[in-house]
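Residue-level structure breakdown
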Amino acid sequence: MPFREINSKMIEATVAPGRRLFSQRGAMLAYKGEVSFTPNVQGGQGGVMSMIGRRLANESTPLMTVEGSGTVFFGHGGHHIEVINLSGDTLYVEADRLLAFDGTLEQGTMFLGSQGGVMGMVRGQVSGQGLFTTTLKGHGAVAVMAHGGVFEIPITPQRPVHVDPQAYVAHHGDVRNKLSTALGWRDMVGRGSGEAFQLELSGSGAVYVQASEEKL
């Protein structure tokens, strides 16, 4: 595992020859050893389509490719950091919540409307986080950021989970998402998240929720 949690707001990453990491620009706090940091304009393992998806989602800052031999300390803005380990499955995470991830993971971009239809598109507008979600697939570790800590909620076929869209951090598993509301369509347009909006996640997996609705 390339990441070790130093405290709730800092992680340590081991960089070895032949093994790359990707990080958000500005996430490096300190490093020791022979380590290089270069902008990655190809979108990680996802290639140019991943890059296009991030640009459409207004994520103009490129990822940094981290290579060499040494140790790097990551953190960003004093945000809480959660390390998620993947064992062949896919993690769906908002692009602006990614701190760093293992270079062995395949990166892609999912259009939220592909799962939730028009409601999925509305969810992106309501949350203010765009219509695209980054996907990371394979075996490796991912460090994500959140406000006030993160807790994991299991999703089972018998018990869907409803999450405030702005509290959503990431999810994995065989999960479908849709935006539900207690209001009519006319009342829903133009309003922010809260009790009026709920992101419904159903299937089998888990969702990661932050303890605050504050945006990064």
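Structural data are supplied above this passage.
Counting of residues starts from 1 at the beginning of each chain's written sequence and follows it residue by residue. Totals for whole chains, interfaces and linings use every residue, but because this is a predicted model, local features are given only for residues with pLDDT of at least 70 and side-chain atom pairs only at 80 or more, for both listing and counting. Side-chain measures were taken over the full set of non-hydrogen atoms in the model, leaving aside hydrogen atoms and water.

1. A word on the overall build of the protein
Where helices and strands are cited, they refer to DSSP runs of H or I of at least four residues and of E of at least two residues respectively, numbered from the N terminus. Of the regular secondary structure elements, the protein holds 3 helices and 13 strands. Sequence-distant contacts, at least 24 apart, represent 81% of the contacts inside the protein between residues at least 6 apart. Contacts were defined at the residue level, with two residues in contact if any of their heavy atoms lie within 4.5 Å.

2. Quick notes on the pattern of salt bridges
Here, a salt bridge means any Lys or Arg side-chain nitrogen found within 4 Å of an Asp or Glu carboxyl oxygen. One pass over the full model with this rule turns up 2 salt bridges. Salt-bridge contacts for Asp 102 lead to Arg 19; the nearest nitrogen and oxygen are separated by 2.6 Å. Placement of the pair is Asp 102 in strand β7 (residues 98-102) and Arg 19 in the loop between β2 (10-15) and β3 (21-24), with a sequence separation of 83 residues. Exposure remark for Asp 102: the relative accessible area of 0% places this residue in the buried category. Only protein chains enter the area calculation, which uses a 1.4 Å probe; residues under 20% of their type maximum are buried, those over 50% are exposed, and those in between are partly exposed.

3. A short note on the side chain of Glu 200
For Glu 200, the location among the structural elements is in strand β13 (residues 197-210). Here His 162 takes part through its side chain, which lies 3.3 Å from a polar atom of the side chain of Glu 200. Beyond its immediate sequence surroundings of up to four residues, Glu 200 is in contact with Pro 160, Val 161, His 162, Arg 176, Asn 177 and Lys 178. Counting of polar contacts relies on pairs of N or O atoms within 3.5 Å, with two restrictions inside protein: one atom must be capable of donating a hydrogen and the other of accepting it, and residues adjacent in sequence are counted only when both atoms are side-chain atoms.

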